[in-house]
Amino acid sequence: MNLVECQGKELFRSYGITVPRGTLITGKEVTGLSTGDLPQLNYPVMVKAQVEFGGRGKAGGVKEAGSPSELISRLREMLGSDLKGTEVRSVLV
């Protein structure tokens, strides 16, 4: 069974296991995004590519964002990029 992190968290929640909250963002949601469109977050946050393989941190698929403008930059740079031959279609913040 191959799961991305957000799917694994959802599975854990269904069994009553407490997991950190996160927001899933897809490429379509980033077009025209401004800092005022972002949900209220406590910075810094981690931006994690949702791909079905390990080692995404070493491959550049996990990055920190310290402000709303930095988050938008990270989203734009990560979504649609190629990570180990896989297109990043969504990220977990």
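It should be noted that the structure appears before, not after, this text.
The structure displayed is predicted, hence computed values, not measured ones.

**Student:** What is the right way to look at the overall build of the protein chain in this model?
**Tutor:** Helices and strands together make up the secondary structure of the protein chain, namely 3 helices and 6 strands. The order of α-helices and β-strands along the protein chain, N terminus first, is α-β-α-β-β-α-β-β-β. Its C-alpha atoms give the protein chain a radius of gyration of 13 Å, near enough to 12 Å, the size a compact globule of 93 residues would have. Every one of the 93 residues in the protein chain was classed for burial, and the buried ones make up 30%. Put simply, of all contacts in the protein chain between residues at least 6 apart along the chain, 60% involve residues at least 24 apart. Surface accessibility of the protein chain: about 6000 Å² in total, with carbon and sulfur atoms responsible for 50%. Charge centroids of the protein chain, computed over 12 positive and 10 negative side chains, lie 4 Å from each other.

**Student:** Could you clarify how one ought to interpret the pattern of salt bridges in this entry?
**Tutor:** Close approach of charged atoms allows side chains with opposite charge to pair. Using the criterion set out here, one finds 8 salt bridges in the structure. Among the salt bridges present, the one from Glu-5 reaches Lys-48, with a minimum N-O distance of 3.1 Å. Here the residue Glu-5 occupies a position in helix 1 (residues 5-14), and Lys-48 occupies one in strand 2 (residues 45-49), the gap between them amounting to 43 residues. Exposure remark for Glu-5: the relative accessible area of 21% places this residue in the partly exposed category. According to the relative accessible area criterion, Lys-48 is partly exposed, its value standing at 25%. The salt bridge involving Glu-77 is made with Lys-63; its shortest N-O contact spans 2.6 Å. With Glu-77 in helix 3 (residues 68-78) and Lys-63 in strand 3 (residues 62-65), this pair connects stretches of sequence that are 14 residues apart. Residue classification places Glu-77 among the partly exposed positions, given a relative accessible area of 38%. According to the relative accessible area criterion, Lys-63 is partly exposed, its value standing at 27%. Within this structure, Glu-5, Lys-9, Lys-48 and Arg-56 form a network of salt bridges that share partners.

**Student:** Could you clarify how one ought to interpret the side chain of Arg-56 in this entry?
**Tutor:** Structurally, Arg-56 can be placed in the loop between strand 2 and strand 3. In this structure Arg-56 comes out as buried when scored by relative accessible area, which is 18%. Only 2.8 Å separates the side chain of Arg-56 from the backbone oxygen of Ala-49, close enough to count as a polar contact. Contacts of Arg-56, omitting those with residues within four sequence positions, involve Glu-5, Lys-48, Ala-49, Gln-50, Val-51, Gly-61, Val-62 and Leu-83.

Conventions we followed
- Residues numbered from 1 in each chain as written.
- Predicted model: local features only at pLDDT ≥ 70, side-chain atom pairs only at ≥ 80, totals over all residues.
- Heavy atoms only, no water.
- Helix = DSSP H or I, 4+ residues; strand = E, 2+ residues; numbered from the N terminus.
- Rg over C-alpha atoms; globule rule 2.2 N^0.38 Å.
- Buried < 20%, exposed > 50% of the residue type's maximum accessible area, 1.4 Å probe, protein only.
- Contact = heavy atoms within 4.5 Å.
- Areas by Shrake-Rupley, 256 points an atom, 1.4 Å probe, with all protein chains shown as cover.
- Lys, Arg positive; Asp, Glu negative; His and termini not counted.
- Charge placed at Lys NZ, Arg CZ, Asp CG, Glu CD.
- Salt bridge = Lys/Arg side-chain N within 4 Å of Asp/Glu carboxyl O.
- Polar contact = N/O pair within 3.5 Å; in protein donor to acceptor, adjacent residues only side chain to side chain.

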